[in-house]
Amino acid sequence: MKNFDLHLDRRAFVKAMSAAAATPMMGGLMQAAYAAGPFTDYKATICLFLFGGNDSQNMVIPLGSEYAAYAAGRGNLAIPEANALTLNAGVSGRSFGLHPSMVGLQGIFNTDKKLAVISNVGVLTNPTTLATYNAKTNLPPQLFSHSDMQSHWQSGHPDAPAISGWGGRMADLIESANGNSQVSVSISTAGQNLFQKGNRVVAYAVSPWGGPKSTIVKRLRSYRDWDNYSITRPNPQGAFENQLTIARTNVLEDQWGDIATRALNTGNFTNGVLYNLDASGNPIKDATGIVSEKFPITPAPPATYVASNGSTQTNRLAGQLRSVANMIAARDSLGVKRQVFFVSLGGFDNHGDQFKDSNNATAPILSGLHADLFKQLDDALTWFYNWTKTQNISSNVTTFTMSDFGRTLSSNGLGSDHGWGGHHFVLGGAVVGGTIYGASASQVFPDIALKSSYDVGQGRLLPWTSVDEYGATMAKWMGSSMTELAGIFPNLSRFTARPTGMSFLV
């Protein structure tokens, strides 16, 4: 009974706080301070996960004297050298290109120099050579498995149970120094994910933006005509809300009620921050149905693209990044100094459909499903980066890619198979870009050829940079100390060459 009374007091406090939703709730009074906090500046990282295993062998392409070995290994998957978009990477004696769908990113790389390529990154438990690979020594569990490798990338701790993600562990540390906010440090536009799962912090999910008549906050009270209670009118919405928030004696039921209450309060608070509301708490719309935003995002993102089959398709990633822009634009009103975002684009498991819907009979690899995915990626990231520039916050926002794994260099006839190491993008004003980062100054980009010294079979690349080293660079940029990096990436000390991460961010 004593515990029940305490729950009543706590729940009553939560309800009282929800009545003052315009005032952010304290969110970390009991937590240890982050080393660099409390923060006076603003920074955000956006993890873009390419689900399915991106064939980055066709994203960044060796040209010049190295092209022949690439083309021989790729077979019918090879991008014609003349169609590759040249990168001015400044790597002595070597030249590289991007997939022809990536015109916008080529410009950011060559002109703005705010896009970097991080070559041959993958899940490792220890530094690994061909000899240790062949001896099956200290390899990641379930190597080449989609679900396991997704988990390993997101957990940052492949040789331990997937209890939390490295983004979540970073958010746990950030939360106490993030200011007073009712909204989580972690925001997802792609649902719940392991990357943002912390020991304390729970990611807050918003919806991808669907156009000027849509909102990104899911609200319990949306567009009902019986929200306003009066003594002469039934209030089923109020009854339902009370059922969510009342205290319960069963611990599991009570925890469920806590989660529902937090979601309700956070949704109401965020809705009020982002949109102008009517007396019932619903977003105001004009006569045409367009929602009244407090932080309009202009220009609008590329909502659609023309696919290889000639049809107009929704750019799924652009809608998510527009929602990220919403939350970044509202950062001061939300009361945050650090934010960790998660967005995703699926469809990269191209075993047998890399050419699907291609409109190019002579060189089908130039279009088709994989090219369409790159088109979405290019349009969305180019728009988002340019938006951060118009807001003078490009140096405060860093976007980076992750994916299950790279893929085989060799073709199976219609696509490529599961690989290991892959190439990744890091984009933002703080990026020391316009170049490629590898294992060292002398190992910038691996030999892309069958039977090379980095080939573990069928042109699968043996990673030379670990997820730990790659991710630690982002965590350090966000303000983590060396001690905190060791907690975020428990295996980081095994990679002694770069225990504090890489040098592509300032």
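Turning next to the overall build of the protein chain. Summing up its helical and strand segments, the protein chain has 13 helices and 14 strands in all. Split into buried and exposed, the 506 residues of the protein chain put 56% on the buried side. Contacts in the protein chain between residues at least 24 apart in sequence constitute 72% of all its contacts with a sequence separation of at least 6. Roughly 20,100 Å² of accessible area belongs to the protein chain as shown, and the carbon and sulfur atoms make up 56% of that amount.

Before going further, it helps to examine helix α12 (residues 467–477). Across the 11 residues of α12, 10 count as buried, placing the element largely inside the fold. One or two positions beyond α12, positive phi appears at Gly479, with a value near 120 degrees.

Turning our attention to the packing of aromatic side chains. In the structure shown here, the tally under the stated rule is 18 aromatic pairs. Geometrically, the ring pair formed by Phe144 and Trp420 is edge-to-face, given 6.3 Å between the ring centres and 90 degrees between the ring planes. Here Phe144 is found in the loop between α4 (130–134) and α5 (146–155), whereas its partner Trp420 is found in the loop between β11 (397–403) and β12 (422–428), with 276 residues between them in sequence. Of the two residues, Phe144 and Trp420, neither departs from the other in class, the shared state being buried.

Counting through the fold element by element, Ser503 comes out in the segment after α13 (482–488). Not counting chain neighbours up to four residues away, the residues in contact with Ser503 comprise Val432 and Tyr437.

Where burial is concerned, most of strand β10 (residues 338–345) is hidden: eight out of the eight residues are buried. The alternating pattern of β10 places Arg338, Val340, Phe342 and Ser344 and Gln339, Phe341, Val343 and Leu345 on opposite faces, both of which are buried. In this structure, strand β6 (residues 186–188) lies alongside β10, joined through three bridges in parallel fashion. Looking across to β10, one finds that Ser188 is bridged to Phe342.

It is worth spelling out the confidence of the model for the protein chain at this point. Looking at the protein chain as a whole, its pLDDT mean stands at 89, while 88% of the residues score no less than 70. This model gives residues 1–33 a pLDDT under 50, and the stretch forms 45 contacts once residues within four places in sequence are excluded. Confidence over residues 222–227 falls short of pLDDT 50; this stretch has 15 contacts with residues more than four positions distant or in other chains.

Considering the arrangement of structural elements, one finds His152 in helix α5. Excluding residues within four positions of it along the chain, His152 makes contact with Val123, Pro140, Pro141, His157 and Pro158.

Attention now goes to helix α2 (residues 67–74). Inspection of α2 places Tyr67, Tyr70, Gly73 and Arg74 among the buried residues, and these make up the whole buried set. Viewed end-on, α2 has its buried residues packed into an arc of 135 degrees, placing them on one side of the element. Exposed side of α2, more than 90 degrees from the buried face: Ala68 and Ala72 are the residues found there. Elements that come into contact with the buried residues of α2 comprise β2 (60–62). Of the residues trailing α2, Gly75 is marked for its positive phi of about 65 degrees.

Let us now look at empty space enclosed by the protein. Tallied over the entire structure, the rule returns three cavities of 30 Å³ or more. One number sums up the size of the largest cavity: a volume of about 40 Å³. Every residue along the wall of the largest cavity is listed here: Phe384, Tyr385, Thr388, Ser394, Val397, Thr399, Leu427 and Gly428. Breaking the lining of the largest cavity down by element, the ones donating at least two residues are α11 (368–390), β11 and β12. Along the lines of polarity and charge, the residues of the lining of the largest cavity split into four nonpolar, four polar and no charged.

All right, on to the pairing of β12 then. Most of β12 is tucked away: seven of the seven residues are buried. In β12, alternate side chains face the same way, and those of Gly422, His424, Val426 and Gly428 on one face and His423, Phe425 and Leu427 on the other are all buried. Bridging between strand β5 (residues 115–122) and β12 involves five bridges; their strand directions are antiparallel. Across the sheet, Val117 pairs through a bridge with Phe425, a residue of β12. Note that β11 and β12 share three bridges and pair antiparallel. Among the inter-strand pairings, Thr398 is bridged to a residue of β12, identified as Gly428.

What follows covers the pattern of salt bridges. Counting across every chain of the model gives nine salt bridges. When the shortest N-O distance is used, the salt bridge between Asp55 and Arg74 registers 2.9 Å. In this pair, Asp55 sits in the loop between β1 (43–50) and β2 while Arg74 sits in helix α2, placing the two residues 19 residues apart along the sequence. The same class applies to Asp55 as to Arg74, namely buried. Between Lys375 and Asp379 there is a salt bridge, and its shortest N-O distance comes to 3.3 Å. Here Lys375 pairs with Asp379, and both are found in helix α11, just four residues apart, close to one helical turn. Overall, Lys375 belongs to the partly exposed group, its relative accessible area being 31%.

Glancing now at the nonpolar core. Ranked by size, the top nonpolar core spans 79 residues in total, and within it Leu321, Met327, Ile328, Phe341, Phe384 and Phe425 carry the most contacts. Per-element tally for this core: the top contributor is α11, with nine residues. When neighbours within four sequence positions are excluded, Phe425 is seen to be in contact with Met59, Val60, Leu98, Met102, Leu105, Leu115, Ala116, Val117, Thr399, Phe400, Thr401 and Tyr470. Counting 48 residues, the second-largest nonpolar core is a separate cluster that includes Trp420, Val431, Val456 and Val467.

Rules behind the numbers
- Sequence positions are assigned chain by chain, starting from 1 and proceeding in written order.
- Side-chain atom pairs in this predicted model are given and counted only at pLDDT of 80 or more, local residue features only at pLDDT of at least 70, and totals for whole chains, interfaces and linings cover all residues.
- The side-chain figures draw on all heavy atoms in the structure; neither hydrogens nor water molecules are used.
- Helix numbering and strand numbering both begin at the N terminus, where a helix is a DSSP run of H or I of at least 4 residues and a strand a DSSP run of E of at least 2.
- The rule is simple: take the accessible area with a 1.4 Å probe, protein chains only, and divide by the maximum for that residue type; under 20% is buried, over 50% is exposed, in between is partly exposed.
- What makes two residues a contact is simply this: any of their non-hydrogen atoms within 4.5 Å.
- We get accessible surface area from the Shrake-Rupley algorithm with a probe of 1.4 Å; when it comes to residues, only the shown protein chains can shield them.
- Each aromatic pair joins two rings of Phe, Tyr and Trp (for Trp, the six-membered one) with centres within 6.5 Å, and gets the label stacked for planes under 30 degrees apart, edge-to-face for over 60, and tilted for any other angle.
- Here, strands pair whenever DSSP counts at least two bridges between them.
- The predictor attaches a confidence to each residue, and that confidence, scored 0 to 100, is pLDDT.
- By arc we mean the arc of the directions from the helix axis to the C-beta atoms, nothing more.
- Put plainly, a pocket is an open set of points on a 1 Å grid over the protein atoms alone with protein on both sides within 12 Å along at least five of seven lines, a cavity is a set where a 1.4 Å probe fits but cannot get out, and a lining residue has an atom within 4 Å of a point.
- Grid points are joined across faces, edges and corners, and a volume is the space filled by probe spheres set on the points.
- In this count, Pro and Cys sit with the nonpolar residues alongside Ala, Val, Leu, Ile, Met, Phe, Trp and Tyr, while Asp, Glu, Lys and Arg are called charged and the others, Gly among them, polar.
- Definition used for salt bridges: Asp or Glu carboxyl oxygen within 4 Å of a side-chain nitrogen of Lys or Arg.
- We define the nonpolar core as a collection of buried residues of types Ala, Val, Leu, Ile, Met, Phe, Trp, Tyr and Cys that are connected through side-chain atoms lying within 4.5 Å of one another.

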